[in-house]
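Tertiary structure, described
These are the residues of each chain, in order.
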Amino acid sequence: LLPHGFEGQGPEHSSARLERFLMLAAEDNIQVASPTTPGQYFHLLRRQVVRSWRKPLVVMTPKSLLRHRRCVSSLEDLSQGRFQRVLDDVRGQDSGEAAGETDRVLMCTGKLYYELEAQRAELGRDDVAVIRLEQLYPFPADDLRSVLAKYPDGTKLRWVQEEPRNMGAWRFVRARLGSRAFRRLPLGSICRPPSASPATGSKTSHQLEQDKLLAEAFGGE
């Protein structure tokens with residue numbers, strides 16, 4: 001379990017160097033995950049125990065989710081179901097009509113999801129969907145393809161991450177999806193600018209950067 005999440009506490013508290021674990025991942029040698037709910041975390045650990053085979057499990061664990069009021073699960077979430085590698089948009093856009101009204105799909109992992117969700121609610125952007133990669137490696141291509149299937153060809157898909165562009169999972173994701181995810185959805189990225197340091201040491205600068213990141217996710221191209 002490695003603390004990972006940009007929370008304004010300085011470089012050493014922000015990054016578990018996710019990109020390094022993804023660089024080390026190949027031939028199904030490890031598992032890298034970033035669960036965003038207690039239920040998902042429970043089922044991830046349960047899966048690790050009940051499987052008949054063992055592979056190291058690396059989990060990104062943002063500290064702020066320990067006390068986030070939206071990061072909750074019901075007893076049913078824990079007693080039923082299983083770990084889901086990809087979580088679909090919570091608004092439940094099951095109909096083709098609703099999916100057709102989506103202007104863009106934001107794809108992320110970790111605690112940033114809750115900030116994107118809050119920003120979407122504040123702006124009233126019902127034309128934006130937010131999905132989560134709960135498992136990064138092995139890359140859940142089939143699950144992701146299934147979740148994205150309801151969105152029309154040409155719908156903009158954007159990977160959003162808190163990390164600078166030269167860190168985090170962006171290059172890993174881009175290498176697997178290319179410029180058009182599953183040859184249907186044009187893929188772009190929204191990240192902090194490339195940096196030599198994982199994060200700023202200033203709480204004020206951090207908040208300015210985070211606000212800019214969220215604004216870019218819901219604006220522009």
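Scroll up a little and you will see the structure.
First things first, this report covers the structure right here in the doc. Owing to the predicted nature of the structure, the values given are computational and were not obtained by experimental measurement. (Residues numbered from 1 in each chain as written. Predicted model: local features only at pLDDT ≥ 70, side-chain atom pairs only at ≥ 80, totals over all residues. Heavy atoms only, no water.)

1. Looking at the sheet that holds strand β7 (residues 156-164)
Put simply, the rule reads: Between any two strands, at least two bridges found by DSSP are needed for them to pair. Secondary structure is summarised from DSSP: a helix means a run of H or I of at least four residues, a strand means a run of E of at least two, and numbering begins at the N terminus for each.
Taken in spatial order, the 6 strands line up as β3-β5-β4-β7-β9-β8 in an open sheet, and their pairing is mixed. In this open sheet, the two edge strands, each paired with only one partner strand, are β3 (86-87) and β8 (180-181). Pairing analysis gives 4 bridges linking strand β4 (residues 104-108) to β7, with the strands arranged parallel. Opposite Val 105, over in β7, you have Leu 157 as the bridge partner.

2. Considerations on the side chain of His 4
For clarity, the cut-off: For every residue, the accessible area (1.4 Å probe, protein chains only) is compared with the maximum for its type, and the residue is labelled buried under 20%, exposed over 50%, or partly exposed between those bounds. N or O atoms closer than or at 3.5 Å make up a polar contact, with two conditions inside protein: a donor-capable atom paired with an acceptor-capable one, and, for residues adjacent in sequence, both atoms drawn from side chains.
By secondary structure assignment, the location of His 4 is in the segment before α1 (11-14). Residue His 4 is classed as buried on the basis of its relative accessible area, which comes to 9%. Polar contacts involving the side chain of His 4 include one to the main-chain amide nitrogen of Ala 16, which spans 2.9 Å.

3. Remarks on the pairing of β7
By the criterion of burial, β7 is predominantly enclosed, with 9 of the 9 residues buried. Of the pairings in the sheet, the one linking β7 to strand β9 (residues 185-192) comprises 5 bridges and is parallel in character. Of the residues in β9, the one forming a bridge with Arg 158 is Gly 188.

4. Examining the nonpolar core
Burial of nonpolar side chains together is a common tendency in soluble globular proteins. Using the following cut-off: Residues grouped as a nonpolar core are buried Ala, Val, Leu, Ile, Met, Phe, Trp, Tyr and Cys residues, joined through side-chain atoms within 4.5 Å. Contacts: residue pairs with any heavy atoms within 4.5 Å of one another.
Ranked by internal contacts, the top residues of the largest apolar core, which has 33 residues, are Met 107, Leu 133, Leu 144 and Val 173. Only α2 (18-24), β4, β5 (128-133), β6 (135-137), α7 (141-148), β7, α8 (170-177) and β9 provide two or more residues apiece to this core. Take this core: its biggest share by element is 4 residues, from α8. Look past the residues within four positions of Leu 144 in its chain and what remains in contact with it is Val 86, Met 107, Ile 131, Leu 133, Phe 139, Leu 177 and Phe 182. The next biggest cluster of nonpolar side chains, apart from the first, holds 16 residues, and it includes Cys 71, Cys 108, Val 128 and Ala 217.

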